[in-house]
Amino acid sequence: MSSFLSSSIGKKLIMSLSGLFLIVFVLVHLILNSFLLFDNTGELFNAGAHFMSLPIIRFGLQPVLAGGFIIHIIYAITLTLQNQKARPQKYAVQNLSNSSTWSSRNMFVLGGLVLVFIAMHLLHFFVPIQIEGNVHDDAQLVKALFTNGSMGLVYTGLYVLGAILLGLHLAHGFWSAFQSIGFSNKIWKKRLEKVSYFYAIFVAAGFTIIPLYLHFFA
């Protein structure tokens, strides 16, 4: 078993499983954030945020989630370096647009940019709410970030950019993860690519609409 997990296939499997776990989390996170669109009082969002602060979530699920992120990042870096080492000489310049998508050729870069976005997100919300514990109205904290004058517009733009980058990363990562765990025949690949694009657009649009709505209409 240990030799399998240390192999290239085993590493891809672990990265894919951790990626699917994070894909589910992203959807849950989007659903929770969407409460800001349907309840101007913020009570619905605050209730969801309060639930996420319960000890069973904070000390049970959150460490598992953090572990999923760390594992996914470590194996992504490991596989990228391994692939680069296997190809010490760059291939001749060729047009790859017909054989692969732009996002599939730039997954490592996209992942790094998404990681920067996640770090910014944690700094703005997770640290004051979960670590410092000095926020009594979570919805107001979110609204304040996007409505605070010119800086609110800047943060709105940054979060929209982050949502687009996340969507591009998911567009390839979603179906690629399923392919790595065995759904690799042509029929399933085509189906999963369509579902992947739909999911990526849904997530990117959802996370884009929220800051725009809060900045311009809240």
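Quick caveat, the model's predicted, so the values are computed rather than measured. (Residues numbered from 1 in each chain as written. Predicted model: local features only at pLDDT ≥ 70, side-chain atom pairs only at ≥ 80, totals over all residues. Heavy atoms only, no water.)

### A look at the overall build of the chain
In step 1: For the chain, the helix and strand inventory stands at 10 helices and 0 strands.
In step 2: Expressed along its principal axes, the backbone C-alpha trace of the chain runs to roughly 55 × 40 × 35 Å.
In step 3: Counting all 218 residues of the chain, 34% fall into the buried class.
In step 4: For the chain, contacts bridging at least 24 residues in sequence account for 73% of all contacts bridging at least 6. (Helix = DSSP H or I, 4+ residues; strand = E, 2+ residues; numbered from the N terminus. Buried < 20%, exposed > 50% of the residue type's maximum accessible area, 1.4 Å probe, protein only. Contact = heavy atoms within 4.5 Å.)

### Quick word on a nonpolar patch on the surface
In step 1: A cluster of nonpolar residues, L17, I181, F183 and W188, forms a patch on the protein surface that exposes about 340 Å² of accessible area.
In step 2: By secondary structure assignment, the location of I181 is in the loop between α9 (149-180) and α10 (186-216). (Patch = residues over 30% accessible without salt bridge, like charges linked within 9 Å, V, L, I, M, F, W, Y side chains within 5 Å. Areas by Shrake-Rupley, 256 points an atom, 1.4 Å probe, with all protein chains shown as cover. Salt bridge = Lys/Arg side-chain N within 4 Å of Asp/Glu carboxyl O.)

### Concerning the packing of helix α8 (residues 138-147) against α9
In step 1: Two numbers describe how α8 lies on α9: the axes approach to 5 Å, and their chain directions differ by 100°. Regarding the angle of α8 to α9, the classification is roughly perpendicular. Across from L145, F146 and T147 in α8, the residues of α9 making contact are G149, M151, G152, L153, Y155, T156 and Y159.
In step 2: The residue makeup of the contact of α8 with α9, split by class, is 6 nonpolar, 4 polar and no charged. (Axes fitted to C-alpha atoms, helices over the stretch in contact; angles between N-to-C directions. Parallel < 35°, antiparallel > 145°, perpendicular 65-115°, else oblique. Nonpolar A, V, L, I, M, F, W, Y, C, P; charged D, E, K, R; others polar.)

### Remarks on the packing of aromatic side chains
In step 1: In the structure shown here, the tally under the stated rule is 8 aromatic pairs.
In step 2: Summarising the aromatic geometry, the rings of F117 and Y159 are spaced 5.2 Å apart at their centres and angled 75° between planes, so their arrangement reads as edge-to-face. A residue pair is termed long-range when its members are at least 10 positions apart, and F117 in helix α7 (residues 107-132) and Y159 in helix α9 qualify at 42 residues. Across the pair, exposure class does not vary: F117 and Y159 are buried alike.
In step 3: Centroid distance F198 to F202: 6.4 Å. Interplanar angle 15°. Geometry classified as stacked. Of the two residues, F198 and F202 are both situated in helix α10; the distance of 4 residues between them amounts to about one turn of the helix. (Phe/Tyr/Trp six-rings, centres within 6.5 Å; stacked < 30°, edge-to-face > 60°.)

### What to know about α9
In step 1: An ideal rise of 1.5 Å per residue puts 46 Å on 32 residues; α9 measures up with 46 Å between its terminal C-alpha atoms.
In step 2: At L170, α9 is deflected by roughly 30°, the largest bend along its length. (Expected span 1.5 Å × (residues − 1). Bend = angle between axes of the 7 residues up to and from the residue.)

### Topic: the UniProt feature "transmembrane region" (unreviewed entry) in the chain
In step 1: The sites that carry the UniProt feature "transmembrane region" (unreviewed entry) are, in the present numbering, residues 12-36, 56-81, 107-131, 151-175 and 196-216.
In step 2: As annotated, residues 107-131 has a helix share of 100% and a strand share of 0%, and its two end C-alpha atoms lie 31 Å apart. (UniProt positions renumbered as here; feature names shortened; annotations may be inferred.)

### Thoughts on the environment of F202
In step 1: You can call F202 partly exposed: its relative accessible area is 43%.
In step 2: Through-space distance from the C-alpha of F202 to that of G182 is 25 Å; in sequence the pair is 20 residues apart.
In step 3: Leave out the neighbours within four places in its chain, and F202 touches L27 and L30.

### Brief notes about the side chain of H124
In step 1: With respect to the helices and strands, the residue H124 is situated in helix α7.
In step 2: If sequence neighbours within four positions are ignored, H124 has contacts with L141, L145, Y155 and Y159.

### Observations concerning the side chain of T156
In step 1: Tracing the backbone shows T156 in helix α9.
In step 2: By relative accessible area, which is 2% here, T156 ends up buried.

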